[in-house]
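Chain and residue survey
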Amino acid sequence: MKKYIMAMDQGTTSCRTILFDQSGNICSMAQKEFPQYYPKPGWVEHDPMEIWASQFSVSTEAMSKIRVSAEDIAAIGITNQRETSIIWEKETGNPIHPAIVWQCRRTADMVEELRKSGFDKIIWERTGLVPDAYFSGTKIKWILDRAEGARERAKKGELLFGTVDTWLIWNLTKGNVHVTDYTNASRTMLYDIHKMQWDEEILEKLEIPRQMLPQVEPSSKIYGHTEAFGCPIPIGGAAGDQQAALFGQCCVQPGDVKNTYGTGCFLLMHTGNQPVASRQGLLTTICADAKGKPAYALEGSVFVAGAAIQWLRDELGVIANASDSEVCCKEVEDTNGAYLVPAFTGMGAPYWNQDARGILVGLTRGVNKNHLVRAAVESLAYQVCDLIRTMEQESRIRLRELKVDGGASANDFLMQFQADLLETQVVRPKCIETTALGAAYLAGLAVGYWKDMEEIRKNWAVQAAFRPKMEAHRRESLIDGWNRAVKTALHWAAEK
C-alpha cells in the first residue's frame, strides 16, 4: 500500500498541504500565506492564479521535506474556504475577474432586493440558507453583470464557475474535470439540498446560466487523476472546510457536534439523513458522508471569536501575543462584573442583527487589564453557548459532548469555561488539524487506504477532556449577565 494521503487545505489567508499516514499522523506539512486585496471598503478579493500557485508550491514542498514522490501518494483530498467564487475561461483557464471572497459584502444590496421581493423564503426553503452576501449566488451574478459579455459567453459554454475546490481540481486535471462536492454546492445559495440538484428557479432569478456550473458529486469519490506531481494520483475527496472538520472529528452520527475556534467560530451539529429547518437563523447544510448519501447538519457562526483576542493585541496593545490571554485570565478570579459583547461586525445566530456593535458593560473602577482580557475570552464561550442552546431546541437533540478544534481550543481556561457554561464535557483531540484530516479521510476512503469509518475512529484520540465544575447558581448568574449585556448591544443598535 502507498504510504501517504495528501490533504490540500486551501484557506482564506494561506494554503497548506499536509501528508498523513494511515494512523492519521502528520508526517509533513508546508504552509504559505497569499495576498488579500481590499479594493473598496467591505470588498475582499483574491487572485485565483495566486491561490493555485501557492497551493501547488506548498504541495511540492511538503513532499520534498520528507523526500516523497508521487508514487508514494495514495490519493489527494481537498478542503477549502467556502463560498469564495471564481469564474474563468474554459478554453484558456484564465479568470475573468478576481475571486470574490466569502467575507466580501459588495452584494448586500442584491440580497436586500431578494428580501424585499419575498424571494428569500424560496431560497431558504430550498437551500437551507438565510440569503446573505456571504454566499456564492449573488457574487456570480455580480461578475456576470459587470464583466463585458460575460453572461452571453457563459450561455455559450465558454465560461465556468467554481468554488475553490472546483478551481483546484480543474487545474490539477488540466481542465479535464469540472466538479464540486455536495458540501460546497450547498453553500452557493443555488443548490436544492432536498432534491440534490441545482435549482432552476433560483438560477433564473439571478440570471446565472446552468451550463457554467460544475457537476455535483459525493465528498468521497475519485473525481479524476492529476499528473501535476509526476505519475497519476487520484483526487479522491473534497469538502468545504467546516464540513471537513466535522468529518475529521468523526462526527458522523446525529447529535455529534464540533466547534472550530478560529477568527470566528463555526459550530456544526450532525442531524442525520433528514434536514432540520431552523426558525432562529441557523443554517441547514449538507455534511460530508463516506457512503455518498445525503447527510445534513445545522450550522451556526460566531462572527468574532479569536478576532476579539487579536483586537486586544493589535488595537489595544494589552497583550503581546494571543497566548498571553490565558495567563491574564488566570490572574483574576472573574471579570469583576464586566462583559464584552464583541459585535464588531454585527451579531449572527440566534440574534441576526447587522447593526449591533461591540460594547463593554459592567465597568467599575476596579476593572483592570486582566479583567478585560478575561471578559474577551469568556465572550467566545458565551456566544458558542447561545448557538448550542438554539441547536438543541431546533433539532430536539441534547448535546452529549462538544468536540473542539482551531487555534483558540489550545486555551485550557477557555475550554474549561466552555464546559462549565454548557454543563457538558468538552473534548480536544490530539490532532487539531481536523479540517485537513477530514479531507484526507474522505480521499483515503475513496481509494481503500482506509477500509471504513470504524478504522478511522481508531485514529481519533483525546488530548484533553474538560468536565463541568461550576456550581449551578454561579453559571445561571453569569449567563443572566451575558444576556443583559447582549440586550444592551441590541438596544444600542435599535436606537440608531
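As a starting point, this report considers the structure included with it. Note that the structure is a prediction, hence the values are computed from the model and not measured.

Structural notes on the sheet that holds strand β15 (residues 257-261)
Spatially, the 7 strands line up as an open sheet ordered β17-β18-β16-β15-β21-β22-β23, and their pairing is mixed. Across the chains shown, the open sheet's two edge strands, defined by having one partner strand only, are β17 (283-287) and β23 (462-466). With direction set aside, neighbouring strand axes in the sheet form an average angle of 30 degrees. For β17 and strand β18 (residues 295-302), the ladder comprises 5 bridges, and the chain directions are antiparallel. Paired with T284 across the two strands is L298, which belongs to β18. The strands touched by helix α13 (residues 412-422) within the sheet are β15, β21 (401-405), β22 (425-429) and β23, with β22 carrying the most contacts at an inclination of about 145 degrees.

Remarks on the packing of aromatic side chains
The geometry of two aromatic rings is summed up by the distance between their centres and the angle between their planes. Across all of its chains, the model carries 15 aromatic pairs by this definition. With centroids separated by 5.6 Å and ring planes inclined at 40 degrees, the aromatic side chains of W52 and F56 adopt a geometry described as tilted. A residue pair is termed a helical-turn pair when its members lie 3 or 4 positions apart in one helix, as W52 and F56 do in helix α1 (residues 48-65) at 4 residues. Residue classification places W52 among the buried residues on the basis of a relative accessible area of 17%. Ring centres of Y382 and W482 lie 4.9 Å apart, and the angle between their planes is 5 degrees; on these two criteria the pair is classed as stacked. With a gap of 100 residues between them, Y382 in helix α12 (residues 369-395) and W482 in helix α16 (residues 472-494) connect regions that are remote in the sequence. Taken individually, Y382 and W482 each receive the classification buried, so the pair is uniform in this respect. Through a chain of ring-to-ring contacts, the aromatic side chains of Y339, Y382, F413, F417 and W482 assemble into a single cluster.

Parameters and conventions
- Residues numbered from 1 in each chain as written.
- Predicted model: local features only at pLDDT ≥ 70, side-chain atom pairs only at ≥ 80, totals over all residues.
- Heavy atoms only, no water.
- Pairing = 2+ DSSP bridges.
- Helix = DSSP H or I, 4+ residues; strand = E, 2+ residues; numbered from the N terminus.
- Axes fitted to C-alpha atoms, helices over the stretch in contact; angles between N-to-C directions.
- Contact = heavy atoms within 4.5 Å.
- Phe/Tyr/Trp six-rings, centres within 6.5 Å; stacked < 30°, edge-to-face > 60°.
- Buried < 20%, exposed > 50% of the residue type's maximum accessible area, 1.4 Å probe, protein only.

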